[in-house]
Structures are given as C-alpha cells and as structure tokens.
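Working through the structure, step by step
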Amino acid sequence: MHRKWKNFITDKARTLAFPITLLLSLPLLPGCKEEAAPARQQAAAPPAAVFVARVERQAISRGADFVGRVEAIDKVDIAARVTGFLQARHFNEGDAIKSGQLLFTLEQPPFAAEVALRRAQVDSARADLANASTQVARGRELVKTNAIPQATLDDRITAEADAKAKVAAAEAQLQQAEINYGYTEIRAPFDGRAGRSPLSPGNVVSPSSGTLVTIVRDDPTRITFPVTQRQVLQFRRDGGADASERIKVRVRLPDGTMLDSTGRFEFIDVTTNRTTDSVLVQALIPNPQRFLVDGQAVSVVVETGEPEQAIVIPQSALQIDQAGSFVLIVGAENKVEVKRIKTARGLGGQLVVTEGLEIGQLVITEGVQRARPGAVVAPQPAPNVPSGTLPGAQQRRG
C-alpha cells in the first residue's frame, strides 16, 4: 500500500507541473511578438520594377504581307565557245563589271595562226578566180574568129564559176577563223556583278566545261510573289485608277529592318494558278546597297492608300486568358490595372488596338510576370522610349 500511494502522488505532481509551465511561458509571447514585428517590416519587398510604354497613335499603312523571291533583271552564265587554254582572268570574284569589260583571255596564237592560214587560202582562191576570168575574156575574143571552138569557151566559163565558189568558201572559212579568234577574249554582255569563278588560268576550257562565271545585274532587281485574286482586287480598289503608281512595295530584311528603297508593281501575270487561285506579281525595286541577292527569299510588304492613325502596342504587352485579350497598365498611385482590349493585325505584323485603351495610358511591356492587378509597381520607360516621357520617372530614379 505504501508503494501505490507513492506512485499516485508522483503522477499528480507531474499533472500539475504542465499547466504551471505553460502559464509561466505565456508572459513571454507578447514580448516575442513585439521584437519580431520590426524584422518583418524590414524584410518587406520593394515594388516590382516594370517597363512601360505610353499609349499613342501612330501612322500605319494599309496593305498586306507576302513571301517573295528576289530575281535578277539580267543574269548570264559565261562559258567558253572554243577549246583552248585559259590564259588570264581579268577580274576578281564579286567585282562590279561594266558592259564590254574583258573577263577572260584564252591562248590566242593557235587561233591567230588559223586566221593567217585562212587568209592565205582566200588570196590563193582570188588569184585563181582572176586567172579564170582572164581566160574567159580571151576565149570570147577567140571564138569570134573561130580560133577556138565554143566548147572550149564553155569550159573556161565553168572554171571561172568554180573559182568564184572557191573564193566564197575560203572567205567563209576566214570569217569563221576570225570569229573563233574573237572568242579567245570573253567580255561582259552588260553591267553587273561577277560571281564565283571555279576555273583558274592554265585549265583547258571548252563549251562543255560549264560556267566560267555568272554575271548578275542586281540594281534594280525584281521580286516575285503570289497574290490571291481577292487581294489583287483589293489592291486595285485601294489604289484607284493609278493603282500601279500608288501602291508601294517594300522589303523587310532578315534582321527585321525595312529596306530604304521603295518599289512598284511592274507586272501581274495573265494566268491564275488553279491550285492556289493566285497570280504571280512582279515588282521592281532599287537595290543600290546590294542587300538583295538573286534567289533570296524575302518578306514583301505591299502598302496601299494613305497611312491611317491607330493605336499600336508592342506584341510583348498582349496577354490572353479564357476571357480574351488584355493588357496590364499602370494606373493611379502606380497600381496595376487590367484593361480588356480588342486587337487587329496591322501591316508588317503590327498589333493594332481597336478598343480598350486611351491615349496617355502606360502599358506594361516587360515585367508582366512580376505585376499583379492591384499591386504597386515601379514603372520605368521601355528601352525604346525616350527618357522623360514617363511622368516622375527622373525623380524616382534620383
């Protein structure tokens, strides 16, 4: 009995000790809370930095985009027309070439010798003709006195005709030899630029040797692209009676910039591709800087009519959810707001806003992942926006 009472007293003591310990620890909690509050205030994150662009109207042109192909106005593959050793090349690959400029020289002595031989044959044939003509004239006098029979005169007349034929043949052979001699100098047929020349001097070239060099006239140049019948009709309506003069053709280069030169329609094919219901359009465009190369694929921008004023925003500002398109703007007190918008695709991939935005609003273009509706942000001008367009931006930076 003594052991049971001892255990009972020990358990009761332990039971009473837990509430006492808990009560002793309660006064410490308020003090801990007062010390943690300043730490949390110090850890509060600053407003997220975002880039913004001011909503403004821009002049945009009406038209459409196409994928076209650059074609040189003139292009020729220079080849040898006679067989001989390639003696010299008188240009460098990529040089600007003038019409009539000497490009290649083939070994000339064999052809010069052939010309001399044919010229001697002509002289011999002409001498034979002169002798035959003299014999005919003499025979006509002798026939009158019956000194020779008529048959002898007929033979002499036949010999004279044969001599004339030999002279003509010799002269033709001389002309051919002179032509071949002329082929030893290969000249440019028009102004342009020289391409790659695969054969070096010392090689034997012939008509079967292939292309010695390609000459391309690249300024101005042509661009061909398919256009649907519907688009052709729209172009003509927008351009009016002088559509070919009012419609402007521009080229977007691979780096996204626009070529400075503006082209015009030169030709619209008279037949339609039945598979695609499109016609081939050909435009002529200046190419003074040689940015366009024959065979190159380019983006063609066809502008029709006068430019119109519209709100254009960067593609990076557009957001889409189940309810549709929207953008985030910076409103009063730098708080983020949601604006539902309606858009249309402009010329050259521009994003045109038809409804939902007002002039002067600040659209977030970068940092949308850090912006939440109702949150306070630190707006900064986008890199392509001049400093000072954002009210108070300089003060915030200072």
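See the structure shown above.
Now for a quick tour of the structure. All figures in this text were calculated on a predicted structure; none of them were measured in a lab.

**Concerning the nonpolar core**
Generally speaking, a soluble globular protein has its nonpolar side chains buried in company with each other. Ranked by size, the top nonpolar core spans 22 residues in total, and within it Ile223, Phe225 and Leu292 carry the most contacts. Elements that contribute at least two residues to this core include exactly strand E2 (57-78), strand E9 (213-228), helix H5 (229-239), strand E10 (248-252), strand E12 (278-285) and strand E13 (297-313). Sort the elements by how many residues they give to this core and E12 lands first, with four residues. Contacts of Phe225, omitting those with residues within four sequence positions, involve Phe66, Val67, Gly68, Phe265, Val279, Leu280, Val281, Ala283, Val300 and Val302. In terms of nonpolar packing, the next biggest core, distinct from the first, is built from 18 residues, Val82, Phe190, Val205 and Val213 among them.

**Some remarks on the packing of aromatic side chains**
Evaluation of the coordinates by the stated rule reveals three aromatic pairs. Between Phe225 and Phe265, the ring centres sit 6.4 Å apart and the planes meet at 55°, which makes this aromatic pair tilted. Separated by 40 residues along the polypeptide, Phe225 in strand E9 and Phe265 in strand E11 (residues 264-268) bring together distant segments of the chain. Accessibility expressed as a relative area gives 10% for Phe265, which makes it buried. When the ring centre of Phe91 is taken as reference, the NZ or CZ atom of Arg89 above it lies at 5.8 Å.

**Here we look at helix H3 (residues 109-144)**
Its 36 residues give H3 an end-to-end C-alpha distance of 54 Å, which sits within 8% of 52 Å, the value for a rise of 1.5 Å per residue. For H3, every residue scored as buried is listed here: Phe111, Val115, Val122, Ala125, Leu129, Ala132, Val136, Gly139 and Val143. Buried-residue contacts for H3 involve helix H4 (150-182). Once H3 ends, the next one or two residues include Asn146, with phi positive near 60°.

**Topic: the pairing of strand E15 (residues 324-330)**
In terms of burial, E15 is a largely internal element, six of the seven residues being buried. Across three bridges, the pairing between strand E14 (residues 319-321) and E15 is antiparallel. In the sheet register, Asp321 faces E15, and the bridge partner there is Gly324. Following E14, the chain reverses through two residues before pairing antiparallel with E15.

**Some words on the pairing of E9**
Successive side chains on a regular strand alternate, one facing one side of the sheet and the next facing the other. Direction of pairing for strand E7 (residues 192-194) relative to E9: antiparallel, over a ladder of two bridges. What sits directly across from Arg193, in E9, is Val216. By the bridge criterion, eight bridges tie E9 to E12 in an arrangement that is antiparallel. Each bridged residue has a counterpart across the sheet, and for Val227 the counterpart in E12 is Val279.

Calculation criteria
- Residues numbered from 1 in each chain as written.
- Predicted model: local features only at pLDDT ≥ 70, side-chain atom pairs only at ≥ 80, totals over all residues.
- Heavy atoms only, no water.
- Core = buried A, V, L, I, M, F, W, Y, C linked by side-chain atoms within 4.5 Å.
- Buried < 20%, exposed > 50% of the residue type's maximum accessible area, 1.4 Å probe, protein only.
- Helix = DSSP H or I, 4+ residues; strand = E, 2+ residues; numbered from the N terminus.
- Contact = heavy atoms within 4.5 Å.
- Phe/Tyr/Trp six-rings, centres within 6.5 Å; stacked < 30°, edge-to-face > 60°.
- Lys NZ or Arg CZ within 6 Å of the ring centre and 35° of its normal.
- Expected span 1.5 Å × (residues − 1).
- Pairing = 2+ DSSP bridges.

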